[in-house]
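Residue-level structure breakdown
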Amino acid sequence: PFFDKINSAYSYCGPQGSLQTVRGLTGVQINYLITVNFRGFRQIVDRLGGAWIDVDRRYFNDKGGPYGYARINLRPGYQKLDGRKALDYVRYRHTDSDLYRVARQQQFVRAFKGQIQESFAPLALPKVVNAITHNVEVAQGGGADVSGDTVLSYALFAYGLPKGRVFQT
């Protein structure tokens, strides 16, 4: 048994332990857990040309460090964020709650997916694949390894979804 916050399961038990923890607590069958590290997030965003986001307000914190919040200095307005700024934006938690952070993350996912569908350059594919293979981990319910064909089929499926077919609650 593991007793802590549910989001601590990953750091203590890894991807398979996280799947088992969520399944045990909720009864929900989970097929996959996809983990992208921070470096991978930045590289993927940069290699796909950045992300256009309407930043709602100023996000600022100049006191970083190993035990503090990440440094950030984003001004409001519609702007193109590189990988570093996009990561700062979706991780910001200095003055608001997890609910606001999750909303920013969902906003980013919607915007970034739309941009990829509209302006994906096939020449970027090798760089993106390289960033994914070195920075993304996929765990499968039941503990089996996930084949490269499975990952590719889901990526192609997600890329091919028409606009309006991705729903978030």
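Here's a quick rundown of the structure.

All right, on to helix 1 (residues 9-26) then. With 18 residues, helix 1 extends only 14 Å from end C-alpha to end C-alpha; this falls clearly short of the ideal 26 Å at 1.5 Å per step. Approximately 105° is the largest bend angle found in helix 1, and it occurs at P15. Regarding helix 1, the residues found buried are A9, G14, P15, G17, S18, L19 and T21. Backbone geometry just downstream of helix 1 places G27 in the positive-phi region, at approximately 80°.

Glancing now at the pattern of salt bridges. Applying the stated criterion to the full structure yields 6 salt bridges. In this structure, the salt-bridge partner of R57 is D96, at a minimum N-O distance of 2.8 Å. Taken together, the positions of R57 in the loop between strand 2 (51-55) and strand 3 (59-61) and D96 in the loop between helix 3 (83-91) and helix 4 (98-119) put the pair 39 residues apart, joining distant regions of the chain. Given a relative accessible area of 28%, R57 falls into the partly exposed group.

All of the buried residues along helix 3 are G83, A86, L87, D88, Y89 and V90. The N-capping residue of helix 3, defined by a side-chain oxygen 3.2 Å from the backbone nitrogen of R84, is D82.

This part covers the nonpolar core. Residues F41, I53, Y59, Y89 and F108 are the most contacted members of the largest nonpolar core, which totals 18 residues. Those elements that place two or more of their residues in this core are helix 2 (38-47), strand 2, strand 4 (72-74), helix 3 and helix 4. Sorting elements by how many residues they give to this core places helix 3 first, with 4 residues. In contact with Y89, not counting residues within four places along its chain, are I53, D54, V55, D56, Y59, I72, L74, L81, R104 and Q107.

Before going further, it helps to spend a moment on the environment of Y10. Mapped onto the fold, Y10 is located in helix 1. Of the residues examined, Y10 reaches a relative accessible area of 31% and is grouped as partly exposed. Distance in space between the C-alpha atoms of Y10 and T21 is 9.1 Å, their sequence separation being 11 residues. If near-sequence neighbours (up to four positions away) are discounted, Y10 is found in contact with P15, S18, L33, T35 and E137.

Looking now at the packing of aromatic side chains. The tally for this structure, following the rule as stated, stands at 5 aromatic pairs. Between Y59 and Y89, the aromatic rings sit 5.4 Å apart at their centres with planes inclined by 90°, giving edge-to-face as the arrangement. Of this pair, Y59 sits in strand 3 while Y89 sits in helix 3; the two residues are 30 residues apart in sequence, bridging distant segments of the chain. Their ring planes at 80° and their centres at 4.9 Å tell us that Y59 and Y92 sit as a pair that is edge-to-face. Here Y59 is found in strand 3, whereas its partner Y92 is found in the loop between helix 3 and helix 4, with 33 residues between them in sequence. Under the relative-accessibility criterion, Y59 is labelled buried at 1%. Clustering of aromatic rings is evident, with ring pairs tying together F41, F108 and F112. Lying across the ring of Y89, R104 places its NZ or CZ 6.0 Å from the centre.

All right, on to the side chain of T21 then. Tracing the chain through its elements places T21 in helix 1. For T21, a relative accessible area of 18% corresponds to the buried category. When near neighbours in sequence (up to four residues on either side) are disregarded, T21 contacts I6 and A9.

Between two packed helices, both the angle of their axes relative to each other and the distance between the axes serve to describe the pair. In contact at an axis separation of 9 Å, helix 2 and helix 5 (residues 125-135) are set at 170° when each is read in the N-to-C sense. The orientation of helix 2 relative to helix 5 falls into the category roughly antiparallel. Taken together, the residues of helix 5 that come into contact with helix 2 (itself represented by R39, G40, Q43, I44 and R47) are K127, V128, N130, A131, I132, H134 and N135. Partitioned by chemical class, the residues of the contact of helix 2 with helix 5 number 4 nonpolar, 5 polar and 3 charged.

Cut-offs applied
- Residues numbered from 1 in each chain as written.
- Predicted model: local features only at pLDDT ≥ 70, side-chain atom pairs only at ≥ 80, totals over all residues.
- Heavy atoms only, no water.
- Helix = DSSP H or I, 4+ residues; strand = E, 2+ residues; numbered from the N terminus.
- Expected span 1.5 Å × (residues − 1).
- Bend = angle between axes of the 7 residues up to and from the residue.
- Buried < 20%, exposed > 50% of the residue type's maximum accessible area, 1.4 Å probe, protein only.
- Salt bridge = Lys/Arg side-chain N within 4 Å of Asp/Glu carboxyl O.
- Polar contact = N/O pair within 3.5 Å; in protein donor to acceptor, adjacent residues only side chain to side chain.
- Core = buried A, V, L, I, M, F, W, Y, C linked by side-chain atoms within 4.5 Å.
- Contact = heavy atoms within 4.5 Å.
- Phe/Tyr/Trp six-rings, centres within 6.5 Å; stacked < 30°, edge-to-face > 60°.
- Lys NZ or Arg CZ within 6 Å of the ring centre and 35° of its normal.
- Axes fitted to C-alpha atoms, helices over the stretch in contact; angles between N-to-C directions.
- Parallel < 35°, antiparallel > 145°, perpendicular 65-115°, else oblique.
- Nonpolar A, V, L, I, M, F, W, Y, C, P; charged D, E, K, R; others polar.

All quantities given are derived from atomic positions and should not be read as evidence of function.
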